[in-house]
Amino acid sequence: MNRLLFSAIFLLICGLASQAAADTEYLIVSGGPAVRKFEDQRGPGEQHDRWWGNFIRTARVRMQEIHKTAPAGTRITWLVYRGGYVRRAAEEHQPLTQNIESVPKAYPFINLVWFRSTDELIRYINNGPGRRGMKISGFEYFGHSNKYSFMFDYSSDTYATSTAWLHEKELGKISGSAFARKAYCQSWGCHTAESFSKAWKRKTGSWMVGAIGKTDYSYMHERNWQVGLSPGSRWVR
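Residues numbered from 1 in each chain as written. Predicted model: local features only at pLDDT ≥ 70, side-chain atom pairs only at ≥ 80, totals over all residues. Heavy atoms only, no water.

Here we look at helix H5 (residues 96–106)
All of the buried residues along H5 are Leu96, Thr97, Ile100, Val103 and Pro104. The arc that holds the buried residues of H5, viewed along the axis, is 115 degrees, so those residues lie on one side. With respect to the buried face of H5, the exposed residues turned more than 90 degrees away are Lys105 and Ala106. Here the buried face of H5 lies against helix H3 (54–69), strand E2 (75–81), helix H4 (82–92) and strand E3 (110–115). (Buried < 20%, exposed > 50% of the residue type's maximum accessible area, 1.4 Å probe, protein only. Helix = DSSP H or I, 4+ residues; strand = E, 2+ residues; numbered from the N terminus. Arc of directions from axis to C-beta. Contact = heavy atoms within 4.5 Å.)

Rendered as structure tokens:
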């Protein structure tokens, strides 16, 4: 009897320890789209974001994948740059922010958090609810980028440039202790592996998978909403 009781207590403790170890947070970040009035000034083949939802649908599909494969107890948080969608909504006369807010209603495992500035994003990474005990087990970015920066509002507020970005020189503001050991990080934007990924590893301690060359968000419905690569580009860590 004592042996059975001891075994039951041991298994319970192991189960609780395993559950506690899985209490982490997976962050998905979506930047904003360009506005059409700026992109229409570009020539054919050079335009971005013909569809406003490039960085929304891909993120949603990815979160569904994570939900199926992540350990029990993993919190999935979706950080979306609000300004880009407010500007595109005004241009298209469509309720785009409401459309985005409908996603966690359909998929309750998604925790939506709007951010309006780089500082707000960094504060969430460092000090999100329960961050002291809930480490970040994954971080993925969907949006515009160059080799040095994530660009949250590229060609949205200003033509062909950005006024809201996370530059590699700002990565020192991010606390490496916010991340779990062996956290998985990936950028689905262009050129990240050419410089930004290395700076991310130096500052956070986590490797970041990124592209050398350009990523491709066109015709994603034909490949199950997976982000592709332009000819000659490749993924590297």
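Considering the pairing of E2
Of all seven residues in E2, six are buried; the element is thus mostly enclosed. In the sheet, strand E1 (residues 25–30) pairs with E2 via six bridges, with the strands oriented parallel. Bridge assignment links tyrosine 26 to a residue of E2, and that residue is isoleucine 76. (Pairing = 2+ DSSP bridges.)

Looking at the packing of H4 against H5
Between H4 and H5, the shortest axis-to-axis distance is 8 Å and the interhelical angle comes to 130 degrees. Classified by the angle their axes make, H4 and H5 are oblique. Between H4, through Arg82, Tyr85, Val86, Arg88 and Ala89, and H5, the contact on the second element is made entirely by Leu96, Thr97 and Ile100. Looking at the contact of H4 with H5 residue by residue, the classes come out as five nonpolar, one polar and two charged. (Axes fitted to C-alpha atoms, helices over the stretch in contact; angles between N-to-C directions. Parallel < 35°, antiparallel > 145°, perpendicular 65-115°, else oblique. Nonpolar A, V, L, I, M, F, W, Y, C, P; charged D, E, K, R; others polar.)

A word on the sheet that holds E1
The seven strands lie next to each other as E3-E2-E1-E4-E8-E9-E12, forming an open sheet whose pairing is mixed. Of all strands in the sheet, those bounded by a partner on one side alone are E3 and strand E12 (234–236). When the angles between neighbouring strand axes are averaged without regard to direction, this sheet yields 20 degrees. Two strands pair when backbone bridges link them, and strand E4 (residues 136–142) and strand E8 (residues 179–187) are joined in this way by five bridges, in the parallel orientation. Paired with isoleucine 136 across the bridge in E8 is phenylalanine 179. Of the strands in this sheet, E2 and E3 touch H4, which is tilted by about 55 degrees from E2.

These results come straight from atomic positions and should not be treated as a statement about function.
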